[in-house]
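Take a look at the letters that make up each chain.
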Amino acid sequence: MNDRKTSADIGVFGLGTMGSALALNLADHGFKVAVSNKEADWIEPFVQNAGKLEAQFIGAADLADFVSAISRPRSILFMIPSGAPMDAMIDAILPHLEPGDTIIDGGNADFHDTRRRSAAIEKTGCHFVGMGVSGGADGARHGPSLMVGGTKESWQQLRPMVEAIAAKFEGDPCVDHLGPDGAGHFVKTVHNGIEYADMQIIAEVYGILRDADGQTAQDIGSLFESWQTGPLSSYLIEVSAAALQTVDAETGRPLVDVIFDQAGQKGTGRWTLIEALKVGQSASTIEAAVGARGWSSEKASRLIAEPLLASDAQATLVADPADLEYALLAARIISHAQGFRILAAASDEFAWDLDMARISEIWRAGCIIRSALLDDFANAFRTDLPAGELILAPAIRDLLDGSIGALRRVVASAVLSGVAVPALSASLAWYDTIRRGRGTANLIQAQRDFFGSHGFARLDQDGQHHGDWKAIATN
Ligand code: 6PG
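As the structure is a computational prediction, the values presented were derived from the model and not from experiment. (Residues numbered from 1 in each chain as written. Predicted model: local features only at pLDDT ≥ 70, side-chain atom pairs only at ≥ 80, totals over all residues. Heavy atoms only, no water.)

Trainee: Please explain the site of the ligand as it appears in this structure.
Mentor: Near the ligand there are 13 residues, and of these Ser134, Lys188, Glu195, Tyr196 and Arg293 occur at the shortest range. Within the side chain of Glu195, an N or O atom sits 2.6 Å from an oxygen atom of the ligand. A distance of 2.7 Å separates an oxygen atom of the ligand from a polar side-chain atom of Arg293. Out of a free accessible area of 420 Å², the ligand has 79% covered by protein chains. Broken down by element, the residue count for the shell around the ligand peaks at 5 residues, all from helix α8 (residues 183–212). Split into classes, the residues belonging to the shell around the ligand amount to 2 nonpolar, 7 polar and 4 charged. No fewer than three residues from each of domain 1 (10–181) and domain 2 (189–434) sit in the shell around the ligand. (Near = heavy atom within 4 Å. Polar contact = N/O pair within 3.5 Å; in protein donor to acceptor, adjacent residues only side chain to side chain. Areas by Shrake-Rupley, 256 points an atom, 1.4 Å probe, with all protein chains shown as cover. Helix = DSSP H or I, 4+ residues; strand = E, 2+ residues; numbered from the N terminus. Nonpolar A, V, L, I, M, F, W, Y, C, P; charged D, E, K, R; others polar. Domains from an automatic or database assignment.)

Pasting the structure below:
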């Protein structure tokens, strides 16, 4: 181990995949890093395996030694499972800290927990930062997108380090201080909701090509790869193209063909929905994506249902590659628009003053949802948006004008041929709802007043009104 007398710039506790990668990234950028871990026997091998970066690390198994190895005011990044383990570590480390020190939670935490922890820790004179980290292990090692919450003081303390290690988009670090307490973790949660939606719409297009058009994984992978040079250019299309073209060494078959069709989830997509509903929003594309993961787990029921429920297909599916590409683009725009609406509503609710343009900018590189579109969104948010709506920005309207027809054809064709496209169709329904000035809720109001005397507003008069409804016979 290294000379403990030389203070570290930051401490990293938790040497799992993400913690190790971030510690190495910090060391790569010249920072001295104290490292520790619950399983103490991970520490020494981590430091020894750091190669030429070994001298940048101070390993410490004991919490007091770990804390005292870090220069004051201390920055201590926890990369551990969210929930109870984080609360336990806060309790354990707080007695060793001094006012001005900052605890950073880099996990996918529930922002309500982050708000609670911030309030409690700030009473001690220390700071608590909830920091969303996106980009997986590779991103953490070579440049993640970082969504930072917490106090302005803690941001000043962290800024040089996080700006150094973050991904860069044309030189601009993909990190910023987004707001107080839970703002960073909330933005990361919504990022993940959009991530779920994007993964699902890509999977639905894969399903159309596989099940209705009979294409091989290799062919679909090549098609996705060709989309990387167009408006869909993104990390998730790149990953999907590469995954589809990967061959299983054991069977020689496409690896995706031997993977069980049950998706896992750790909860961030679901949190996005729960919070969306709480702030009066409906994120239908994200909801469809979370729901589809849930249904995917019901494999046994689906297998029983397959021969029992007739397909009753009304038409043969048309899988035009250009339409599929643009259908994906339209649905991607819509799922992001839904995500940004949730952010705007939560920003009002929690007085965070979130900057949507800046959020778009720090998502342009490093994170899982990075795509060519994020730059368009950032530019759109910097213009005067009609009604504050992303989809009403002239540049975004142009993109939708050029793609919504394709989404309509793909959804119509899939529906008629019996192929499930829950997220694509939810996107289209959302678009058709948002663009209609006169909806159908007048009947909902009539129904509510009919059975519950809830009242309604009239188009032609002020105030609350009730209908003189005709009685209906009840049993
Ligand atoms: C990221 C990802 C990451 C997330 C995984 C798995 O931005 O790097 O969002 O934080 O943990 O994608 O999430 P699920 O297990 O919920 O799919």
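Trainee: Is there a simple way to think about the sheet that holds strand β5 (residues 102–105) in this case?
Mentor: Strand pairs in the sheet, formed through backbone hydrogen bonds, run parallel or antiparallel to each other. The sheet built from 8 strands is open, its strands ordered β3-β2-β1-β4-β5-β6-β7-β10 with mixed pairing. Looking at strand neighbours, the two that pair on one side only are β3 (57–59) and β10 (175–177), the edges of this open sheet. Between one strand and the next, the sheet's axes are offset by a mean angle of 20 degrees, whatever the strand orientation. Along the sheet, helix α4 (residues 84–93) contacts β1 (10–13), β4 (75–78), β5 and β6 (127–134); its crossing angle with β4, the most-contacted strand, is approximately 155 degrees. (Pairing = 2+ DSSP bridges. Axes fitted to C-alpha atoms, helices over the stretch in contact; angles between N-to-C directions. Contact = heavy atoms within 4.5 Å.)

Trainee: How should the side chain of Asp449 be read in this particular structure?
Mentor: Topologically, Asp449 is positioned in helix α20 (residues 441–452). Of the side chains with opposite charge, Arg448 comes closest to the buried, unpaired Asp449, at an N-O distance of 7.8 Å. Within polar-contact distance, the side chain of Asp449 engages the backbone nitrogen of Gly455 at 2.8 Å. (Buried < 20%, exposed > 50% of the residue type's maximum accessible area, 1.4 Å probe, protein only. Lys, Arg positive; Asp, Glu negative; His and termini not counted. Salt bridge = Lys/Arg side-chain N within 4 Å of Asp/Glu carboxyl O.)

Trainee: Would you take a moment to explain the packing of aromatic side chains for this structure?
Mentor: Aromatic ring pairs are reported here in terms of the distance separating the ring centres and the angle at which the planes meet. Inspection of every chain in the model, using the stated rule, returns 14 aromatic pairs. Through a chain of ring-to-ring contacts, the aromatic side chains of Phe111, Phe186, Phe350 and Trp352 assemble into a single cluster. In this arrangement the basic side chain of Lys299 is found over the ring face of Phe260, its NZ or CZ atom lying 5.6 Å from the centre. Lying across the ring of Tyr235, Arg370 places its NZ or CZ 4.1 Å from the centre. (Phe/Tyr/Trp six-rings, centres within 6.5 Å; stacked < 30°, edge-to-face > 60°. Lys NZ or Arg CZ within 6 Å of the ring centre and 35° of its normal.)

Trainee: Can you walk me through the pattern of salt bridges in this structure?
Mentor: Side-chain pairs of opposite charge can arise where the charged atoms are in close proximity. Summed over all chains, the structure comprises 26 salt bridges. In this structure, Arg332 engages Asp198 in a salt bridge whose closest nitrogen and oxygen atoms are separated by 2.8 Å. Here Arg332 is found in helix α14 (residues 321–350), whereas its partner Asp198 is found in helix α8, with 134 residues between them in sequence. With respect to burial, Arg332 and Asp198 carry one shared label: buried. Put simply, Arg408 and Asp432 hold a salt bridge, and the shortest N to O gap is 2.8 Å. Highlighted residues: Arg408 in helix α18 (residues 404–417) and Asp432 in helix α19 (residues 422–434), separated in sequence by 24 residues. Accessibility expressed as a relative area gives 33% for Arg408, which makes it partly exposed. Within this structure, Asp172, Asp176, Arg358, Glu361, Arg364, Asp375 and Arg382 form a network of salt bridges that share partners.

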